[in-house]
Amino acid sequence: MADDGLASHRRDPIKSSVGNVAANRRRQQAITVGKERREALVRTKRLCRVGISSDNDVPYDGDMMIDEEQSILESQTSSAVEELKSAVMYQGKGAKLKRVSALRELRRLLSRSEFPPIEAALKAGAISILVQCLSFGSPDEQLFEAAWCLTNIAAGKPEETKALLPALPLLIAHLGERSSPPVAEQCAWALGNVAGEGEELRNVLLSQGALSPLTRMMLPNQGSTVRTAAWALSNLIKGPDPKAASELIQIDGVIDAILRHLRKGGDELATEVAWVVVYLSALSDTATSILVKSNLLQLLVERLATSNNIQLLIPISSARKVKKASWIHATKQIWHSTTCKLVLRSLGNLVAGASHATSVLVVGNELTDNFIASLVKCLKSEHRVLKKETAWVLSNIAAGSIEHKKLIYSSEAVPLLLRLLSTAPFDIRKEVAYALGNLCVVSSEGSGMPALILEHLVSLVDRGCLPGFIDLVRTADTEAAKLGLQFIELVLRGMPNGNGPKLVEREDGIDAMERFQFHENEDLRNMANRLVDKYFGEDYGLDE
């Protein structure tokens, strides 16, 4: 569908200077959430160590054997696979119990080490025998243990995950309503690990029909089953092809389930569902349009506004969401902080499309006022990631209509953004620069700048933002440097009474631009040289 293409999602409101790359950048920013998740396998892939809660709970073997010799563990695993083969072949008395015991031993070995002996299991022929154990009519315990083994194999290296290809049809089949909840959930877990490996395997799963049954598992209120299904779905639809996201949003009951889980679900469930919303809103204009027409925006704003934990300086981590695993703060606080980030990312995606902005943020509407107040609250927090995400959301809003620019410009957010531009870490300063830059320009068919935007530019420069943009020019980051040069250009050609060059010179902007005289980046080199030649040529200063 044409309107679902990656390039179409972000608005390109600015024909001059600071926002020429806004559309591509906004889309890329939304997609980078997937790259962030890939930094930790625990987010994209999850090793199953503890049995899924059910009537058939499986005891957890606490001895994880972290220090055990890997060679011994691999030998035990090879033997366990051979024992499983013998158990499958055995047809005598107690055959079912023998198969389940053999499966449980293999699962135990694949769960005990920090680096599971997956390669040894594969070399011994584990996949083919585990596929046999997934055959229809098998006892639930056997299906459950076999799916658990496959789950942990799928959590391995790329080539190890691909080894599950023969098992995918049966894993998908066992997601059906005839399967017991523990079996269906364990199969969903395995498929989530496979989907987390990459686009190639996601396409295989989609072609084999995994989307619909996983979606059905997310619809009811069944605790861990819903969480696991939502997590697996977020891996399955995360692109870059928007087709799966567009199909998911149109499945009956999905919107109601998303709203219900975000409204009534605990932080863990809300976080998993929020990941789904992030990818839906980032990848598919069809999905974004449907989400905007629902009650989602109000729900997200309410969750953001009522958060009590965004003041805490907590890394985005937990036992199942890991950036750096050394933090062990209370799980609820960690989950809530993660949810706040995801809420911000979803809100930023929803306000990014030009066709959606007017209906999402109606100036003067109570919901809009609450939204801006919540963003200001996040900017004031000590949570570094929330500040960055909030600045990104504000830059999306500021890239909208003149009314949206007025809304941000007149809010409490601007003083906070100005302070962050000079004091915050680099990644936050870059997001802030986009927000402030977008306030100063507007899409126009003519060549001039509207007076209203000139008012913003003069005010922001008078309040001291220029040094922050010149500092960006001096960085090694080419995107930030270009952003700084674009803002310098606005100042040079836009400040009243020809004061732009003097202001830039006063802040050592000439020196900052001259460093690009022989720069390897052609765009930056040409832009910097053009500005220096045009505004600081041989005639500069002669009038004085």
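Keep in mind that this is a model prediction, so the values were computed, not measured.

The rules behind the values
Residues numbered from 1 in each chain as written. Predicted model: local features only at pLDDT ≥ 70, side-chain atom pairs only at ≥ 80, totals over all residues. Heavy atoms only, no water. Helix = DSSP H or I, 4+ residues; strand = E, 2+ residues; numbered from the N terminus. Buried < 20%, exposed > 50% of the residue type's maximum accessible area, 1.4 Å probe, protein only. Contact = heavy atoms within 4.5 Å. Phe/Tyr/Trp six-rings, centres within 6.5 Å; stacked < 30°, edge-to-face > 60°. Disulfide = S-S within 2.5 Å. Patch = residues over 30% accessible without salt bridge, like charges linked within 9 Å, V, L, I, M, F, W, Y side chains within 5 Å. Areas by Shrake-Rupley, 256 points an atom, 1.4 Å probe, with all protein chains shown as cover. Salt bridge = Lys/Arg side-chain N within 4 Å of Asp/Glu carboxyl O. Lys, Arg positive; Asp, Glu negative; His and termini not counted. Charge placed at Lys NZ, Arg CZ, Asp CG, Glu CD. Axes fitted to C-alpha atoms, helices over the stretch in contact; angles between N-to-C directions. Parallel < 35°, antiparallel > 145°, perpendicular 65-115°, else oblique. Left-handed = near helix turned anticlockwise from the far one by under 90°. Nonpolar A, V, L, I, M, F, W, Y, C, P; charged D, E, K, R; others polar. Core = buried A, V, L, I, M, F, W, Y, C linked by side-chain atoms within 4.5 Å. Polar contact = N/O pair within 3.5 Å; in protein donor to acceptor, adjacent residues only side chain to side chain.

This part covers the overall build of the chain. For the chain, the count of helices and strands is 31 helices and zero strands. Of all 544 residues assigned to the chain, the portion counted as buried reaches 57%. Nonlocal contacts in the chain, meaning residues at least 24 apart in sequence, comprise 74% of its contacts between residues at least 6 apart.

A few words on the packing of aromatic side chains. Two measures describe an aromatic ring pair: the distance that separates the ring centres and the angle between the ring planes. For the structure shown, the criterion picks out three aromatic pairs. Judged by centre distance (6.3 Å) and plane angle (20°), the rings of Trp 275 and Tyr 279 are stacked. Taken together, the positions of Trp 275 and Tyr 279, both in helix α16 (residues 267-283) and four residues apart, correspond to about one turn of that helix. No difference in accessibility class separates Trp 275 from Tyr 279, as the two residues are buried. With centroids separated by 3.8 Å and ring planes inclined at 10°, the aromatic side chains of Phe 469 and Phe 487 adopt a geometry described as stacked. Placement of the pair is Phe 469 in helix α27 (residues 466-473) and Phe 487 in helix α28 (residues 478-494), with a sequence separation of 18 residues.

Turning next to the state of the cysteines. Summed over all chains, the structure comprises zero disulfides. Residue Cys 149 stays outside any disulfide, its sulfur separated by 8.4 Å from that of Cys 133, the closest cysteine. Note on Cys 149: relative accessible area 0%, which makes it buried.

The residue after Gly 239, namely Pro 240, is reached through a cis peptide bond having omega 15°. Along the chain, the position of Pro 240 falls in the loop between α13 (224-236) and α14 (243-249). Even without being a glycine, Asn 497 presents a positive backbone phi close to 60°. Here Asn 497 is to be found in the loop between α28 and α29 (500-506).

On to a negative patch on the surface, then. A contiguous patch of negative charge on the surface is contributed by Glu 505, Glu 507, Asp 508, Asp 511 and Glu 514. Secondary-structure assignment places Glu 505 in helix α29. On the accessibility criterion, Glu 505 (39% relative accessible area) is partly exposed.

Contact pair helix α15 (residues 254-264) / α16: the axes reach a minimum separation of 8 Å and the direction vectors enclose 140°. As the angle between them shows, α15 and α16 are arranged oblique. The handedness of the crossing between α15 and α16 is left-handed. Facing Ile 258, His 261 and Leu 262 of α15, the residues of α16 in contact are Leu 269, Ala 270, Val 273, Ala 274, Val 277 and Leu 280. Its residues assigned to classes, the contact of α15 with α16 comprises eight nonpolar, one polar and no charged.

Within the largest apolar cluster, 166 residues are counted, with the highest numbers of intra-cluster contacts made by Leu 130, Leu 171, Leu 262, Leu 280 and Phe 487. The dominant element in this core, judged by the number of residues it contributes, is α16, at eleven residues. If we skip the residues at most four places from it in the chain, Leu 130 touches Leu 84, Leu 103, Leu 106, Ala 146, Cys 149, Leu 150 and Ile 153.

What follows concerns the packing of helix α21 (residues 366-380) against helix α24 (residues 413-423). Where α21 meets α24, the axes come as close as 10 Å, and the angle between the chain directions of the two elements is 25°. The angle between α21 and α24 places the two elements in the roughly parallel class. In this structure, α21 crosses over α24, and the sense of that crossing is left-handed. Every residue of α24 that contacts α21 at Val 376, Leu 379 and Lys 380 is listed here: Ala 413, Leu 416, Leu 417 and Leu 420. Classifying every residue of the contact of α21 with α24 gives six nonpolar, no polar and one charged.

Once that is clear, we can look at helix α12 (residues 211-218). A large share of α12 lies buried, amounting to six of its eight residues. Within the span of α12, buried status applies to Leu 211, Pro 213, Leu 214, Thr 215, Met 217 and Met 218. Contacts from the buried residues of α12 go to α9 (168-173), α10 (181-195), α11 (199-207), α13, α14 and α15.

Think of it this way: side chains of opposite charge can pair up when their charged atoms draw near. Within this structure, the stated rule accounts for 17 salt bridges. The salt bridge partner of Lys 85 is Glu 82, with a shortest N-O separation of 3.5 Å. Here Glu 82 and Lys 85 lie together in helix α3 (residues 70-89), a separation of three residues that amounts to about one turn. The partly exposed category is assigned to Lys 85, whose relative accessible area is 27%. Since its relative accessible area comes to 41%, Glu 82 is described here as partly exposed. In this structure, Lys 430 engages Asp 477 in a salt bridge whose closest nitrogen and oxygen atoms are separated by 3.2 Å.

Mapped onto the elements, Asn 521 comes out in the loop between α30 (509-514) and α31 (522-535). With a relative accessible area of 24%, Asn 521 lands in the partly exposed category. Placed 43 residues apart in sequence, Asn 521 and Thr 478 show a C-alpha to C-alpha distance of 8.1 Å. Here Asp 523 takes part through its backbone nitrogen, which lies 3.1 Å from a polar atom of the side chain of Asn 521. Reaching out from Asn 521, the side chain makes a polar contact with the backbone nitrogen of Leu 524 at a distance of 3.0 Å.

Quick look at the environment of Leu 466 now. With respect to the element layout, Leu 466 can be found in helix α27. According to the relative accessible area criterion, Leu 466 is buried, its value standing at 3%. Considering only alpha carbons, one finds Leu 466 and Leu 503, 37 residues apart in sequence, at a separation of 8.3 Å. Setting aside chain neighbours within four positions, we find Leu 466 in contact with Phe 487, Val 491, Leu 503, Val 504 and Glu 507.

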